[in-house]
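These are the residues of each chain, in order.
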Amino acid sequence: MYDLSFFRNNLDAIAKRLADRGFTLDVEAFRKLDAERRAAVTESEQLKAQKNAESQEIGKLKKAGQDASERQQKVREIGEHIDTLDKKAAELDDSFRLLMAGVPNLPHESVPTGRSADDNVEIHRWGTPPKFDFEPQAHWDLGPALGILDFERAAKITGARFAVYWDMGAKLERALINFFLDTHTREHGYREVLPPFMANSASFYGTGQLPKFEADLFKLQGTDYYLIPTAEVPLTNLFRDEVLDMDSLPISLCAYTPCFRSEAGSYGRDVRGIIRQHQFQKVELVKFSKPEESYRDLEKLTRDAENMLERLGLPYRRVVLCTGDMSASSAKTYDLEVWLPGQNDYKEISSCSNFEAYQARRASIRGRSGKKSEYVHTLNGSGLAVGRTWVAIVENYQQKDGSVVVPEALRPYLNTEVIKPAR
């Protein structure tokens, strides 16, 4: 969502920048709608002034004992015309808001121009992928062999793209959640929140999933509630329609939640295993920042997520997404991709984004310092996606005998050094 005057006064430049991210802005449709809307509002205001003047004249005529019926009829006709214009302006306002709501955020000037993930730019790598003296397995073979991952019973209970975790599989998932939350709250300065796992449509509008991306969501029939696809939605909307003390920023929040996604646009990607599920666990990081400090805060948030991978000894790389691969709400996004030996590839495990004022404007989240008030900047990132971290540990720490070594950082949580095959 944009500031209206900025959008109107920079329409051609905005259209050009949006084209870099593969979005075509119908400039003429916008100008036509904007002109009709402004004309209706202007005419309505002029008629209201005329109506007030006529009403004053009627008062003078009545005070003088003269007939005012003709002027009264004229005032009624003006009033009817005003009602028509106001209704038209309201309808145009709705169309205008719908048009504006569907326009993506402008990419930051540092974002590389590109059309797809092939044009993303690698920033750096950390760690060295492990070398095995045996053929490494993928987690969808390792997990069932260890007796800690069950796809068949999950499919019986629910359907495809769900999983059941047994014993050390379930404990490893829980250990990761606690490890992430403990580190972010005790060392990285985040405040822990346990939000609802459902949110209303106003919340999804605020963070940008609605109205355009409803197909990606699960809606509860007969309600205004949707299952959250990420804790970004409830955490960001904690301060919807509020004014924050700018001097208190940044506000840093973290939350564990299950996440629910229809994966409507995945088109068969990552159908094996638990890389792309309808339900998964995640620890999310969210920041509310001063506009002039938000890109510094993006670097800090991204480093906090990277720190989790480094403590677990998982090789990863950081890439900056190009204009054509970012989410519609983002101004700049870093993806952290972890190495998965079983798939001989890096897979995204965290996306860390700065939305600038895009979400704050939609959700009406402002900051005040003295008499000055402006929209804050919102940021978020996974710290981390729990299921994908589970996969990375199982695949990177697998042993020839089928066991999995537990990373040192998790041993206090699991009270074991090795996950052994079921006997």
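Presented here is an overview of the structure given in this document. Source: prediction; values computed, not measured.

Here is what the cut-offs are and how they apply
- Residues numbered from 1 in each chain as written.
- Predicted model: local features only at pLDDT ≥ 70, side-chain atom pairs only at ≥ 80, totals over all residues.
- Heavy atoms only, no water.
- 1 Å grid on protein atoms, 1.4 Å probe; cavity = no way out; pocket = protein on both sides within 12 Å on 5 of 7 lines; lining within 4 Å.
- Points joined across faces, edges and corners; volume = space filled by probe spheres on them.
- Nonpolar A, V, L, I, M, F, W, Y, C, P; charged D, E, K, R; others polar.
- Core = buried A, V, L, I, M, F, W, Y, C linked by side-chain atoms within 4.5 Å.
- Buried < 20%, exposed > 50% of the residue type's maximum accessible area, 1.4 Å probe, protein only.
- Helix = DSSP H or I, 4+ residues; strand = E, 2+ residues; numbered from the N terminus.
- Contact = heavy atoms within 4.5 Å.
- Axes fitted to C-alpha atoms, helices over the stretch in contact; angles between N-to-C directions.
- Parallel < 35°, antiparallel > 145°, perpendicular 65-115°, else oblique.
- Left-handed = near helix turned anticlockwise from the far one by under 90°.
- Expected span 1.5 Å × (residues − 1).
- Pairing = 2+ DSSP bridges.
- Salt bridge = Lys/Arg side-chain N within 4 Å of Asp/Glu carboxyl O.

A look at empty space enclosed by the protein
Link 1 in the chain: Inspection of every chain in the model, using the stated rule, returns one cavity of 30 Å³ or more.
Link 2 in the chain: A volume near 70 Å³ is recorded for the largest cavity.
Link 3 in the chain: Around the largest cavity sit 13 residues that line it, and Ala101, Gly208, Phe213, Ala328 and Tyr358 are the ones nearest its centre.
Link 4 in the chain: A breakdown of the residues in the lining of the largest cavity according to their chemical character gives eight nonpolar, three polar and two charged.

Let's talk about the nonpolar core
Link 1 in the chain: If you look at the biggest cluster of nonpolar residues, it comprises 48 residues, and the most contacted ones within it are Leu172, Leu176, Phe180, Trp390, Ile393 and Leu410.
Link 2 in the chain: For this core, the leading source of residues is helix 7 (residues 168-186), giving eight residues.
Link 3 in the chain: With sequence-adjacent residues up to four places away left out, Leu176 is seen in contact with Leu312, Val386, Thr389, Trp390, Ile393 and Leu410.

Considering the packing of helix 7 against helix 10 (residues 294-311)
Link 1 in the chain: Contact geometry of helix 7 with helix 10 gives a least axis separation of 11 Å together with a crossing angle of 130°. Considering the angle they form, helix 7 stands oblique to helix 10. In the crossing of helix 7 with helix 10, the sense of the turn from one axis to the other is right-handed. Between helix 7 and helix 10, the residues in contact are Phe179, Phe180, Thr183 and His184 and Asp304, Asn307, Met308 and Arg311, respectively.

Describing helix 10
Residue pairs three or four apart in sequence face the same way in an α-helix, which turns once every 3.6 residues.
Link 1 in the chain: Here helix 10 is 18 residues long and its end C-alpha atoms lie 26 Å apart, about the 26 Å a rise of 1.5 Å per residue gives.
Link 2 in the chain: Here helix 10 has its buried residues at Ser294, Asp297, Leu298, Leu301, Thr302, Asp304, Ala305, Glu306, Asn307, Met308 and Leu309.
Link 3 in the chain: Gly313 lies just past helix 10 and shows a positive phi near 70°.

Description of the sheet that holds strand 9 (residues 251-260)
Hydrogen bonds between backbone groups are what pair the strands of a sheet, and the pairing can be parallel or antiparallel.
Link 1 in the chain: Spatial strand order, 1-11-12-13-16-10-9-4: eight strands in an open sheet with mixed pairing. Looking at the sheet topology across the chains shown, the edges are occupied by strand 1 (121-126) and strand 4 (191-192).
Link 2 in the chain: Judged from the two bridges that link them, strand 4 and strand 9 form a sheet pairing that is parallel. Counted as the bridge partner of Arg191 is Leu253 from strand 9.
Link 3 in the chain: Helix 7 rests against strand 4, strand 9, strand 10 (279-289) and strand 16 (377-385) of the sheet, and its axis sits at about 10° to strand 10.
Link 4 in the chain: Its contacts with the sheet place helix 12 (residues 386-396) against strand 10, strand 12 (332-340), strand 13 (345-354) and strand 16, and it is angled at close to 35° to strand 16.

Overview of the layout of surface pockets
Link 1 in the chain: Considering only enclosed or pocket space, the second largest pocket measures out at about 230 Å³ in volume.
Link 2 in the chain: Every residue lining the second largest pocket is counted, 14 residues in all, and those nearest its centre are Tyr2, Phe6, Asn105, Leu106 and Glu356.
Link 3 in the chain: Here the residues of the lining of the second largest pocket sort into seven nonpolar, three polar and four charged.

Quick notes on the pattern of salt bridges
Link 1 in the chain: As enumerated under the stated definition, the model contains 28 salt bridges in all.
Link 2 in the chain: Between Asp150 and Arg153 there is a salt bridge, and its shortest N-O distance comes to 2.8 Å.
Link 3 in the chain: In this structure Asp150 comes out as buried when scored by relative accessible area, which is 8%.
Link 4 in the chain: Judged by its relative accessible area of 45%, Arg153 is partly exposed.
Link 5 in the chain: Here Glu306 ties to Arg318 by a salt bridge, and the two come within 2.9 Å at their closest N and O atoms. Separated by twelve residues along the polypeptide, Glu306 in helix 10 and Arg318 in strand 11 (residues 316-320) bring together distant segments of the chain.
Link 6 in the chain: Classification of Glu306 by relative accessible area gives buried; the value is 0%.
Link 7 in the chain: The buried category is assigned to Arg318, whose relative accessible area is 5%.

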